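# Analysis of the macromolecular model
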Amino acid sequence: MTQEIEHKFKELLREQSSYSEAIGLMAWDMRTKAPVKGMDNRSEVIGVLSQKVHELQTSDEMRSCIDTLKGNVQDPILKRAVEEAEETYEKTAKIPTHEYREYVTLQSKAESVWAKAKAENDFESFQPYLEKLVEYNRRFAEYWGYENHRYDALLNNYEPGVTVEVLDQVFPKVRKALTELLSNIQQAPIQPDPSVLEGHFPKEKQAQFSEEILKRMGYDFEAGRLDETIHPFAIGLNRNDVRVTTKYDEQDFRTAVFGTIHEGGHALYEQNISEELSFTPLATGTSMGIHESQSLFWENFIARNEAFWENHYQLFKAYAPDSFQELPLDDFYRAINEVKPSFIRIEADELTYCLHIMVRYELEKALIGGEIEVKDLPRLWNEKMKDYLGIEPRNDAEGVLQDIHWSGGDFGYFPSYALGYMYAAQLSSRMEQDLDVEAIIRKGDFHQIKEWLTENIHQYGKMKKPLQLLMDVTGEGLNPDKIIEYLTEKYKKIYQF
Ligand code: ZN
C-alpha cells in the first residue's frame, strides 16, 4: 500500500516540477529573446500553468499522499520531500482561494503602477496599491501563524529559521561596526580614484571575457548558456540546464564583469545539486540567503580580491585594448573597491550594501507589525537613510520607490541579501581552514574551490535548511563577526588607516 502511494507521490512531484520547468523556460524567454508583441499571450500561458502547479500542490491526492507517507518512510530524500510538500500544502491551503486570486491580480497590476510611479517620481499614485499589498501580507502572516512577531511569518518564506529576534541581535551589531568603518574610510587621507576605470569597452569583448571567467569558475556551458538581458539573473530549469544572463555597459565594464560572476555563483549552485534530487522540490537552493551567499562569495571574496586581479588583470587588459594599458594594478584594485554611500541599493559597494538592507528591514518590520503606515514611508525612508548612510535622497525615485520587491508583495525578502553576506563570510572563513584560498585565487584554477562548495553546500539542494547547513559546515549558527572581520581587514589595507 505505502509503496503504491510512494509511487503516486513521486508522480505528482514529477508533474509539478515539469510544469515549473516549463514556466521557468518561458520566464527566461520573456526576459531575454521574446518579441514584445508576444508578451501578453505568454503571460497568460504562464498564468494557466502556474494555476496548474497550485492545484497540484493543494490537491486532495497530494494531501492523502502526505498523510500516508508522513512518518512512514525511511529514505531520507523521500522523507524531506514529504516535509517540503506538506509545508507548501499548508502554506497555500491556509489562504482562502478567492483572496489568493485577488492578490495575484493585485500583484501584476501593482508592478506596472510602481514602474510608472518610479519613472514619474510619484509615490502617491503607488500608495493605494502598496497599502493593499501590505494589508494582504499582514493578513497572510496571520493565516500562516508565528510565535513572536507577525513579520516572522513572512521571513519564513525566504529564510526559514531566521526571525526578528535573530535579526534584531545581529543587524545592530553589524551596523555599528560598518558605520565606524565607514567613518574611518571617509576620513582616510588617500582615496581611490574611480575615474581611472572610465573607458570604452566593446560589448563583444566583454562577452568574451565574461564567458572565459565563467569557464574558469567551473560553470558548465554544456549545461547552460550566457545571454544578454536588462536585469541580470540566473535560472535553474534543472541541473543540466542552468542559464546565466548579464548586461553589457560599454562605458562601465564593472556591470558585466561583476554581474556575470555574481550570477555565475548562483548558477554553480544549481548545476551541482545532487542528481538524486531531480524532479523533487528539493532540487534547488535551500534559501534566498544561502543562494546569495554563493553569488556574493564569487563576486566579492574572489573577484574583488587583490589576488584575483594579480592573475586576471593581464587577461582583462587583452579584452580592453584601449584602456588600462598604463594603469598600475594597485590603482585598478583600489578603484574597483571604492566605498561611497549612495542612494541606490543595487549600485552600492560591498560595505554600505548591508546598511541599505537594514533601512528596508526596519521599515518592513514596522509596516507588517502595524506600527507605521504606508503613507509614512517616504519620510521614514529618508530619515533612516540619513541615519544609516549619512545621505538623504532628493526624491522618492532614488529613495523609497527604487526597488521592485514591494510592488510584487515581497515583504521579508530583503534581509536575505544581508544574510547572504554574513553566510558568505562564515563559509569563506571555514573554507580557508581546508584550502589555501589566496594561493588558489592567485593561480586562477578554481576547481578545488568549486569542489569544496559542491561537497559542502551545493549537492544538498534543499535537503538541509539554511541554518542547519551553516551549522554542518562551520560548526556554528549565524555569526556576524566574520563579515565584520573580513571587511575591516580588507578596507584597512585599501584605505590605510
Ligand atoms: Zn544574487
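Keep in mind that this is a model prediction, so the values were computed, not measured.

### Description of the coordination of the zinc ion
Around the zinc ion, the protein contributes the donor atoms His262 (NE2), His266 (NE2), Glu292 (OE) and Glu292 (OE), at 2.1 to 2.7 Å from the metal centre. One can describe the donor arrangement at the zinc ion as irregular, given that its 4 donor atoms subtend angles of 50 to 125 degrees at the metal. Mapped onto the sequence, the residues coordinating the zinc ion show the spacing H-x3-H-x25-E. You can see His266 sitting in helix α10 (residues 253-271) and its partner Glu292 sitting in helix α11 (residues 288-302), a full 26 residues away along the chain. Of the two residues, His266 and Glu292, neither departs from the other in class, the shared state being buried.

### Topic: the domain arrangement of the protein chain
In many reports, interface size means the accessible area that the parts give up when they come together. The domain architecture assigned to the protein chain consists of domain 1 (2-121) and domain 2 (164-495). With 25 residues of domain 1 at the contact, the number on the domain 2 side is 30 residues. Both faces combined, the contact of domain 1 with domain 2 buries some 2,600 Å², and carbon together with sulfur accounts for 61% of it. When the buried surface of domain 1 facing domain 2 is broken down by residue, Trp28, Ile77 and Trp114 rank first, second and third, together holding 25% of it. For the interface between domain 1 and domain 2, the tally reads 3 salt bridges. Of the charged contacts, one joins Glu87 and Lys465 as a salt bridge, the two residues approaching to 2.8 Å between their closest N and O atoms. Elements with a minimum of two residues in the side of domain 1 that touches domain 2: α1 (2-32), α4 (76-93) and α5 (97-119). Residue composition of the side of domain 1 that touches domain 2, by class: 10 nonpolar, 6 polar and 9 charged.

### Quick look at the nonpolar core
One finds Trp298, Phe324, Phe332, Leu377 and Ile449 to be the most contacted residues of the largest nonpolar core, which totals 132 residues. The element best represented in this core is helix α14 (residues 353-369), accounting for 11 residues. In terms of domain composition, this core takes at least three residues from each of domain 1 (2-121) and domain 2 (164-495). Once residues lying within four places of it in the same chain are set aside, the contact partners of Ile449 are Phe297, Trp298, Ile302, Met431, Leu435, Val437, Ile440 and Ile441. Grouped together as the second largest cluster of nonpolar side chains are 19 residues, Phe9, Leu69, Val82 and Ile273 included.

Rules behind the numbers
- Residues numbered from 1 in each chain as written.
- Predicted model: local features only at pLDDT ≥ 70, side-chain atom pairs only at ≥ 80, totals over all residues.
- Heavy atoms only, no water.
- Donors = N, O, S within 2.8 Å, 3.2 Å for Na, K, Ca; no water.
- Tetrahedral: all angles 85-135°; square planar, octahedral: opposite > 155°, others 65-115°.
- Helix = DSSP H or I, 4+ residues; strand = E, 2+ residues; numbered from the N terminus.
- Buried < 20%, exposed > 50% of the residue type's maximum accessible area, 1.4 Å probe, protein only.
- Domains from an automatic or database assignment.
- Contact = heavy atoms within 4.5 Å.
- Buried area = accessible area lost by both parts, 1.4 Å probe.
- Salt bridge = Lys/Arg side-chain N within 4 Å of Asp/Glu carboxyl O.
- Nonpolar A, V, L, I, M, F, W, Y, C, P; charged D, E, K, R; others polar.
- Core = buried A, V, L, I, M, F, W, Y, C linked by side-chain atoms within 4.5 Å.

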